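Next come the chains, spelled out residue by residue.
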Amino acid sequence: MRVRASLLAGICASAISFPAFAQEATDDDLEDPRLSSNVIIVTAQRQAQSLQEVPIAVSAFDAEALEAQQIENASDLQLTLPNVSFTKSNFTSSSFTIRGIGDLCVGVTCDSATAIHTNGSPLFGTRLFETEYFDLERVEVLRGPQGTLFGRNATSGVVNVVTAKPELGTFSAAADFEYGNYNSIKARGMVNVPLGDTIAFRAAGFYLNRDGFTTNLYDNSDIDGRDMYAVRGSLRFEPTASTTLDLMAFYFRENDDRLRIQKQTCQRDPTGVLGCLNTRRDFDSTNADSTLASVLTSVELFRIQGLPEALALGSVYDTDGDGYSNFVEPNDVRTVNTAFTPEYFADELQLQAHLDQGLGSMNLSLTGIYQETTVDSRQDYNLGILDRSAYATGLNTLAFFAANGVPTGLPAPAPAFFPGSSAYFAPIAAALIPNGPNGVLCTSDNDDGNLGAFEGNSICSDVPLSFDRSVQYQTAWSGEAILSSDFDGPFNFLVGGIYAETDVSENSYYVNSFGLDYATALLGTFAAFANVDGDGNPAPLPPSYLATSMYRNNTTDFKLKSFGIFGEVYIDITDRLQFTGGLRYNDDSKSVSARTTLADFLNPFGNGDPFTSPFVGGFDADDALPGNQLLQEREVNFDAITGRAVLDYEISPDNTLYFSYSRGYKSGGINPPLSPVFAVTDSFGSEQIDAFEIGSKNTFLNGAAQINLTGFYYKYKDLQLSRIVARTSVNDTIDANIWGLELETILRPSYNWLINMNISYLNAKVAGDQFFSNPRDPGGGDPNAVIIKDISNGSLCAVTGAGANAFVTAVNANLGLRAPGAFPADGGIASNGAFSICSVLTAQTANPAFAPLGPINVLSPGVEVNLRGNRLPQAPEYKASIGVQYTAEFDNGMSLVPRFDLAYTGEQYGNVFNGNVNRIEPFVQANASIQLNGSDNRWFVRGFVQNIFDSNSVTGLYVTDASSGNFTNIFTLDPRRYGIAVGAKF
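Note that the structure is predicted; figures quoted are calculated from it, not measured.

About the thresholds
- Residues numbered from 1 in each chain as written.
- Predicted model: local features only at pLDDT ≥ 70, side-chain atom pairs only at ≥ 80, totals over all residues.
- Heavy atoms only, no water.
- Helix = DSSP H or I, 4+ residues; strand = E, 2+ residues; numbered from the N terminus.
- Rg over C-alpha atoms; globule rule 2.2 N^0.38 Å.
- Buried < 20%, exposed > 50% of the residue type's maximum accessible area, 1.4 Å probe, protein only.
- Contact = heavy atoms within 4.5 Å.
- Areas by Shrake-Rupley, 256 points an atom, 1.4 Å probe, with all protein chains shown as cover.
- Phe/Tyr/Trp six-rings, centres within 6.5 Å; stacked < 30°, edge-to-face > 60°.
- Pairing = 2+ DSSP bridges.
- Disulfide = S-S within 2.5 Å.

## A closer look at the overall build of the chain
- Per the secondary structure count, the chain includes 11 helices and 53 strands.
- Relative to the compact-globule value of 30 Å for 986 residues, the chain shows a C-alpha radius of gyration of 31 Å, a close match.
- Principal-axis analysis of the C-alpha atoms places the extent of the chain at approximately 110 × 55 × 50 Å.
- Across the 986 residues in the chain, those meeting the buried criterion constitute 60%.
- Taking as baseline every contact in the chain between residues at least 6 positions apart, the subset at least 24 positions apart corresponds to 69%.
- For the chain, the accessible area works out to roughly 34,900 Å², and carbon and sulfur atoms hold 57% of it.

As structure tokens, this is what we get:
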């Protein structure tokens, strides 16, 4: 049945590389062992089936295909798969997007839209996107929601990495070595050892070390290098013909200077209110006056707080420019200027057991996996050098106060300085400027606690440092059982169940900067020094700073418990028509303990852990409960019934047509606590997708041509999207409609030629009226609105109403702040902007004196705009790829195989607000290789080049928070790589 389709299944869209195993050609391609030996068997329906016969949009790459197309990791898959894109993202994570659906939800409680599996088992927080592929049997990519069979369900699709298994009774080994530019060294090896007739062991591994892709002008070093390795051991035991037990252990480790974020871009805002404007992404730095560290240490805030202005580090209206005014941002994606060398560590352990037991005409499959993952990344937060010259007055004043105390300003015989006041400033000076105001500047380090510079935990430099850290420790395990039938009659079935648990013991995102340390120290120490008792009498508290001195979004514990029960039936209605029907029940329980801290309560200098402070009672992580809570604790539960129905019709042995409907589901989650508090929901709901698909799989011309065509339509409800509010990622839900087409073709005029071509179209847009505030333009395009930079917390709000400008002018006059002003004409901002304090403006809206101005509203974080019709992020409208391979066979049995691949990815957007500033330009990637194979198939020599045109291809964007200046982080593919590889097998 479907003989020719089966013979070419191994080609499919993956363009398998036959030349490495060249054999003598025969006259009849249909009997050619070179074709029949390359049938790919996939488990897209949890049973072994020929890929071309599965009524699902699935592509598979066997080991030879991965090698031929230079698919070395998950990022490379996007260059050959239709309607698939991949990008790294901001917090040591990534998004594998299929048909416009990716990991747009950001947070520890978010589920992955694309389920990642190893040998059919779901992975949690996996680092497989960092590692290189090695010793694999195949990689399967299932496009579309998997409503029944896979893992904890998946709304976009599944990537299943299938490792090579031990071979019984056969000793074999293979190794290859590669050297390339950037001093890249890569080695891979495998050995397969039989241990009797029924047991075999297989060990494999790889090692990669290379210099960095990025030049750091600060010290002329190369950063963004790689130093990683992985090892895998597998054991297969087959005591009988119907029993197979597979055991696998895998370990991966990386420790290098990988850049989590490749580059930052910004259309600089000269007003400092926004930091970056809304039209372009230039190679420029944000206006430092817009950042939290600057506003909290500004002359203007100190004046309003009644603090000595001489201690301030600058003014938000500084006519001499901000800290980045004189910084020249390198006009190159691969060049940065940073005083903080990035640090990256990741490792992962997987232990898996799988049992297949035949039970007559049925089969029982039992699988369990245990997983431990760690990731820890630090790098310069702004990828720039901040000018410290404006700090001179403030630092000199701090040193003076530390030595003498605070001047009283009173004439003699009154004391010149407040008695004992120097003790409040001496710890600050000792921690931040230990060698005096002209010496090094020390910034709080960040470890797993909250100990910073005031506990002796700091990093010192000649320039002010600003860096972040993203860290997570996670364990997970799952167990799955599947019983399937293989009856001779028209009816078969599959039933199964899965249970999974994961525990995140630590997930933190830190931002540290000298400015934050300075602000928390001075604001805290003045609060302690100026404290009064209940009768209004002076009652100074011990010298203290406001803890924490660093921003930290901290999840101390997250637990997920999930189970699913599923089943499918397969009914042969006729010899040519088959029906598949499946249902699944999903149940997910999540609990989380978390807090967000920055300058929330006093901690005496030298006390140690801030959460042992005698004043920690001033901190409340959960305002929904009475009293002060040190952690916000939330629990949520989600459940859903999903499933699918498929009609699969065999038009002829070479042509099939299928139509399917599936319901997809992804559980919701919990938003983290915010600081300062904004009105966002505690939790966000589950995603639901109704997917309709029609597909045709065809083989023509006696196997010389394979053409597969797929069309799909998705009705999406509550698609989860992330945005930054108050320096923290929170998640909302929107509705969307998605449809598209995918054409996959393989042309094989003769054995020597192989041509694969893929084309796809995608239309993915927001459906209905969906209103959200655009962080790049809180004014929402309203020319009457005033965008406010809050100098008390660095956030943005918008004042609306016909009299908004007059209202802000009047309130600011009483605060000693300036009236609103216009943004640059090319900035894409219709509103005016001003520095002010949003809470003060809100309070003044009730002042009768402003009634003549008409209704005035203060909206935080801004004016909501309608997203109806906007394109979803990371959803290229067009994609196309072509690969051409030729095998030249010589009389001595050797062969020479050149191959060329070209991939085009069309326009897409980095976030749902679209616009030119969020547009990601189309890009082209091209690879080429030429390989010489030995006559005995025991060795090869290969030359290769990747990214021939050296394109700086941007794959994704991340817009930072208002308190960081709204700059954009960009993520790119690797630059041009080339080299030579040699290999042998035994």
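## What to know about the packing of aromatic side chains
- Across all of its chains, the model carries 33 aromatic pairs by this definition.
- Aromatic side chains Phe401 and Phe425 sit 5.3 Å apart centroid to centroid with 75° between the ring planes, which places their arrangement in the edge-to-face category. Placement of the pair is Phe401 in helix H7 (residues 392-404) and Phe425 in helix H8 (residues 422-432), with a sequence separation of 24 residues.
- Taken together, the aromatic side chains of Phe400, Phe401, Phe417, Phe425 and Phe526 make up a single cluster linked through ring pairs.

## Observations concerning the side chain of Asp322
- By the secondary structure assignment, Asp322 is in the loop between helix H6 (299-305) and strand S18 (335-336).
- Discounting residues that sit within four places of it in the chain, Asp322 has contacts with Arg268, Thr286, Asn287, Ala288 and Asp289.

## Description of the pairing of strand S16 (residues 243-256)
- As judged from the 11 bridges shared by strand S15 (residues 226-240) and S16, these two strands associate in the antiparallel manner. By the bridge assignment, Leu235 is partnered in S16 with Leu247.
- Remark: two residues form the turn of the hairpin made by S15 and S16, two consecutive strands paired antiparallel.
- Inspection of the sheet shows S16 paired to strand S19 (residues 343-359) by 14 bridges, in the antiparallel sense. By the bridge assignment, Asp256 is partnered in S19 with Tyr344.

## As for the state of the cysteines
- In the structure shown here, the tally under the stated rule is three disulfides.
- Here Cys266 is linked by a disulfide to Cys276, with a sulfur-sulfur distance of 2.0 Å. Disulfide Cys266 to Cys276: torsion about the S-S bond roughly -115°, handedness left-handed. Taken together, the residues Cys266 in the loop between strand S17 (263-265) and helix H5 (292-296) and Cys276 in the loop between S17 and H5 connect sequence positions 10 residues apart.
- Accessibility expressed as a relative area gives 2% for Cys266, which makes it buried.
- Relative accessible area serves as the criterion here: at 2%, Cys276 is assigned to the buried category.

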